[in-house]
Structure formats: structure tokens, C-alpha cells
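Given next are the chains, with one letter for each unit.
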Amino acid sequence: MAKTIYIAGLGLIGTSMALGIKRDHPDYEILGYNRSQTSRKIALERGMVDCVTDDFASFAPLADVIILCLPIKQTVTFIKDLANMDLKEGVIISDAGSTKSAIVDAAEQYLAGKSFRFIGAHPMAGSHKTGAVSADVNLFENAYYIFTPSSLTTPDTLEEMKDLLSGLHARFIEIDAKEHDRVTSQISHFPHILASSLMEQTAIYAEKHEMARYFAAGGFRDMTRIAESEPGMWTSILLSNREIILERIENFKERLDVIGQAISQGDEDHIWNFFNQAREQRQAMEIHKRGGVDSSYDLFVDVPDEEDVILRILELLRGTSLVNIHINEENREDVHGILQISFRNAQDLERAQQVITQNTDYTVVVK
Ligand code: NAD
């Protein structure tokens, strides 16, 4: 039976989700709320949604499923507002917020005792882009789509959501909201703090040591890439997961002190073990095995600086889908080849490695 889906917040996440829903359920009606006119207009004109409004309350009673794709604070406010609305019986309310405890707690507090269902969710994909203009039907492909069930989640809620979102081609997974916030504080929130701190430290240092700007290479780029993330979103993430993040910061300070002490004491064994252990830990981590948005399979080709050399490689790879191609033209101290090509999966990578090795005499490194 065709359903009516209400997406509140027609930003990057909301509109990408609308496209994904339409891919598998073209018969579903998608209603959209957005505060500003620009994204409302784009979403409607490009057929991402069927109707739009700037009045959140107006469409809510029509929906079978309401998905809040808004900043965390606004998500909490709308959950509070929904509690006082005359919604369809059994309506499912969900969200897309990057932290979960504050949102799930608000739902438990305001929606309990009503005939509404709630399931917290966090699609773990995105980019620094914002707004409906950046909508991408493949945004969630292979990415984890995390559900955080709570007391307002009936057993059928999860199945209905998975069916609704099947066109996102994401990997659905369930975890407790608090545990979600703990895990993401370590592997996502804290690394953002580190990346921005490193960037800040380097920028200030470079004022007196100008060459720092030019010598920064692949390692520095990898460490600071996420410092270009959207500041508003990250501010609200940190403020909605404060205690856990503060604990990670304290823990890290202690680690820095320990390695600092080893350096000051010239403790060679300690320093060697420090690096060796980290190398082994990283090699054993899921990050090396997984495709999708967060990680990719990289191939480095040491090509000579000759005309058409990149075209030749691309010609060899015709028919293989590439995620990214990068020319490491600056300092190449810590990279394995000038040309870096990223693939979505191990098979594509293997095929590419084979075809380049067979048809050229360039050195190929898989990392
Ligand atoms: P976006 O900036 O593209 O869209 C945000 C939307 O919220 C816009 O439609 C904007 O009009 C609306 N909005 C902002 N403040 C509002 C307010 N006070 N009242 C009403 N509407 C308001 O951002 P996005 O990337 O789509 O993020 C939406 C949610 O998804 C956030 O909670 C974010 O934490 C989460 N999320 C983002 C990413 C990512 O990388 N972008 C990944 C996973 C989850």
C-alpha cells in the first residue's frame, strides 16, 4: 500500500533520503518541510518531493512516516511539537541526527503514552556540502545506517523502516543510543577536534615558519581533511555529546604525556613499540576491509611525468568504476606513487592492479 512520507529538513540528508525512497517506492507520496525557500524550490522542481511547506505542523497529520533531517537542537524542538499534534495512529517518527542520546531521550520524554512509534537513526554518510542542491541518490550506498531502538520502537517499526529505506542501499545496523554516542565520540567526534586543533596549530606555526605551508604532504592532508567540515553541524554534535567527548579529550592528553615523557627520556624501545603497535592496530582495523563512503581501496602508480600518461592509465581502466583519482604533485615523501586511484571495492582494485601491471612497466603499490 502506498504511504505518505514527510521529510522535515530538505538539506543534503533529507533530499538524498527522499531520492533513495523514491528509487524503490515511486508510488509513495513524499511531502517536504523546509524553512528556507531555496531548498524547497529545488526539491519540488527536481521532483525529489511531491509537495512542500514552510509550516512544519501543516503536513504532519497526513504522514505515515515522519523523518526529521534537521540540526539536533531543532530535531528535539520538533519532537516536542509533534507530541501535541493530531498525528495518524501508529505513525513512525524518525530522525537523522549525528548524536542520538539527546534525541532519543527527548522522544522518550515527550512521545511516551501516545499512539506514535519512534526510532532514532543516524545515516553515517554525508559530506561538507549542504542543502537540496547537493542531493545525491547514492549518498548512503554501502554506508552504515544506524538505528537506535528504544521503548517507543515496536518490533515491526524497524522492518517498516528498512523496507522504506531499501533504495538507499545502505547497511542497516542497530545499536543502543548511548553506546552509539560513545563509539562515535571516539571514531568521529574526537578526530574532528584533533584535525581542527592540528590545523589551528599549524596555521599559527606557519606564520613564523612559512615553508610549513609548502612542505605539508599526504600525511598532513589525511590528518586534516575533516577540518574542512561544516562548523555548525560539528558545534551541535560536540554540544550534544559533551561529557563523553570531554572524557576522550582527557584520555588523549594522558596519552600525549606518556609519549612525550618517552621522547624526553630518549626511551627508544617505548617509541618504537608505540609506532609498531599503532601500525599493527590500524592494519587489523575494519577500515582496511570496508568499502563505501568512509573508506576506499587505493592504488598508487608511479608514473613518469610524460604527456598523456594519465590518459593511458584511464584508458586501461575503462569500464572499472573509480571513486577518486588524485595526482600527488606536491611533496611525495610519504606516498607510494604520483597517481593515486581509489576504487569502491577490492575486486575493482585487483583488476586495475593486474591490468596496469600487465600493460605498463610502472610500479604499482596497493595500500
Ligand atoms: P543541511 O544544512 O544540508 O540541512 C539542514 C536542514 O535543516 C536545512 O533544510 C535547514 O533549512 C534546516 N534547518 C536548520 N536550522 C533550522 C531551524 N532552526 N528550523 C528549521 N529548519 C532548520 O544539513 P544536513 O547535512 O542535511 O544535516 C541534517 C541532519 O543530519 C543533522 O542533524 C546532521 O547532524 C545529520 N547528519 C549529517 C551528516 C552530514 O555529513 N551532512 C551525516 C549524518 C547525519
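Here's what I pulled together on the structure shown here. (Residues numbered from 1 in each chain as written. Predicted model: local features only at pLDDT ≥ 70, side-chain atom pairs only at ≥ 80, totals over all residues. Heavy atoms only, no water.)

**Some details on the pairing of strand β8 (residues 171-174)**
Then, number 1: Pairing of strand β7 (residues 144-148) with β8, which is carried by four bridges, proceeds in the parallel orientation. Paired with Tyr144 across the strands is Arg171, a residue of β8. (Pairing = 2+ DSSP bridges. Helix = DSSP H or I, 4+ residues; strand = E, 2+ residues; numbered from the N terminus.)

**Quick look at the nonpolar core**
Then, number 1: Counting residues in each nonpolar core, the largest one holds 33 residues, and the members touching the most others are Ile5, Met17, Ile21, Ile67, Met161, Leu164 and Leu165.
Then, number 2: Listing elements by their share of this core, those giving two or more residues are β1 (4-8), α1 (12-24), α2 (37-45), β4 (65-68), β6 (117-123), β7 and α6 (155-164).
Then, number 3: Discounting residues that sit within four places of it in the chain, Leu164 has contacts with Ile5, Ile21, His25, Tyr28, Val65 and Ile67.
Then, number 4: Core analysis: the next-biggest nonpolar cluster, separate from the first, contains 30 residues, Leu31, Leu70, Met85 and Ala177 among them. (Core = buried A, V, L, I, M, F, W, Y, C linked by side-chain atoms within 4.5 Å. Buried < 20%, exposed > 50% of the residue type's maximum accessible area, 1.4 Å probe, protein only. Contact = heavy atoms within 4.5 Å.)

**So, the sheet that holds β6**
Then, number 1: Strand order across the open sheet formed by eight strands is β3-β2-β1-β4-β5-β6-β7-β8, with mixed pairing between neighbours. Each having just a single partner strand, β3 (51-53) and β8 make up the two edges of the open sheet. Each adjacent strand pair in this sheet contributes to an overall mean axis angle of 25 degrees, direction not counted.
Then, number 2: Along the sheet, helix α5 (residues 101-111) contacts β5 (92-95), β6 and β7; its crossing angle with β6, the most-contacted strand, is approximately 170 degrees. (Axes fitted to C-alpha atoms, helices over the stretch in contact; angles between N-to-C directions.)

**A look at the site of the ligand**
Then, number 1: Neighbouring the ligand are 24 residues, the closest being Leu12, Asn34, Leu70, Ser98 and Gly131.
Then, number 2: In this structure, Asn34 approaches the ligand through a side-chain N or O atom, which is 2.4 Å from an oxygen atom.
Then, number 3: In the environment of the ligand, an oxygen atom lies 2.8 Å from a nitrogen or oxygen atom belonging to the backbone of Gly131.
Then, number 4: Contact with the protein chains removes 83% of the 830 Å² of surface that the ligand exposes when unbound.
Then, number 5: Broken down by secondary-structure element, the contributors of at least two residues to the shell around the ligand are α1, α4 (72-83) and β6.
Then, number 6: The residue makeup of the shell around the ligand, split by class, is twelve nonpolar, eleven polar and one charged. (Near = heavy atom within 4 Å. Polar contact = N/O pair within 3.5 Å; in protein donor to acceptor, adjacent residues only side chain to side chain. Areas by Shrake-Rupley, 256 points an atom, 1.4 Å probe, with all protein chains shown as cover. Nonpolar A, V, L, I, M, F, W, Y, C, P; charged D, E, K, R; others polar.)

**Details of the environment of Asn324**
Then, number 1: Tracing the backbone shows Asn324 in strand β10 (residues 322-327).
Then, number 2: Once the C-alpha coordinates of Asn324 and Ser134 are considered, the two residues, 190 residues apart in sequence, prove to be 18 Å apart.
Then, number 3: Residue contacts for Asn324: discarding those within four places in its chain leaves Gln340, Ile341 and Ser342.

**A few points about the pairing of strand β11 (residues 339-343)**
Then, number 1: With five of five residues buried, β11 lies mostly within the body of the structure.
Then, number 2: Of the two faces of β11, the one holding Leu339, Ile341 and Phe343 and the one holding Gln340 and Ser342 are both buried throughout.
Then, number 3: Where β10 meets β11, five bridges bridge the pair, whose relative direction is antiparallel. Bridging from a neighbouring strand, His326 pairs with Gln340 of β11.

**What about the sheet that holds β11?**
Then, number 1: Strands sit in the order β10-β11-β9-β12 across an open sheet of four strands; the sheet is antiparallel. Because the sheet does not close on itself, it has two edges, and the strands there are β10 and β12 (363-366). Recorded for the sheet is a direction-independent mean angle of 20 degrees between the axes of neighbouring strands.
Then, number 2: Here helix α13 (residues 309-316) sits on the sheet and contacts β9 (297-302), β10 and β11; the angle it forms with β10, its principal contact strand, is near 165 degrees.
Then, number 3: Across the sheet, helix α14 (residues 346-359) is in contact with β9, β11 and β12; its angle to β9 comes to roughly 15 degrees.

**Some words on a nonpolar patch on the surface**
Then, number 1: Judged by side-chain polarity, Val183, Ile187 and Met285 come together as a nonpolar surface patch covering roughly 250 Å² of accessible area.
Then, number 2: On the accessibility criterion, Ile187 (44% relative accessible area) is partly exposed. (Patch = residues over 30% accessible without salt bridge, like charges linked within 9 Å, V, L, I, M, F, W, Y side chains within 5 Å. Salt bridge = Lys/Arg side-chain N within 4 Å of Asp/Glu carboxyl O.)

**Considering the packing of helix α11 (residues 242-264) against helix α12 (residues 268-284)**
Then, number 1: Running from amino to carboxyl end, α11 crosses α12 at an angle of 140 degrees, the nearest separation of the two axes being 8 Å. Overall, the two elements α11 and α12 adopt an arrangement that is oblique. In the crossing of α11 with α12, the sense of the turn from one axis to the other is left-handed. The segment α11 lies against α12, with Val258, Ile259, Ala262 and Ile263 engaging His270, Ile271 and Phe274.
Then, number 2: Broken down by class, the residue content of the contact of α11 with α12 amounts to six nonpolar, one polar and no charged. (Parallel < 35°, antiparallel > 145°, perpendicular 65-115°, else oblique. Left-handed = near helix turned anticlockwise from the far one by under 90°.)

**Description of the packing of α4 against α5**
Then, number 1: Where α4 meets α5, the closest approach of the two axes is 9 Å, and the angle between their N-to-C directions is 10 degrees. When the axes of α4 and α5 are compared, the pair comes out roughly parallel. Between α4, through Ile72, Thr75, Val76, Ile79, Lys80, Leu82 and Ala83, and α5, the contact on the second element is made entirely by Ala102, Ile103, Ala106, Ala107, Tyr110 and Leu111.
Then, number 2: The class makeup of the residues in the contact of α4 with α5 is eleven nonpolar, one polar and one charged.

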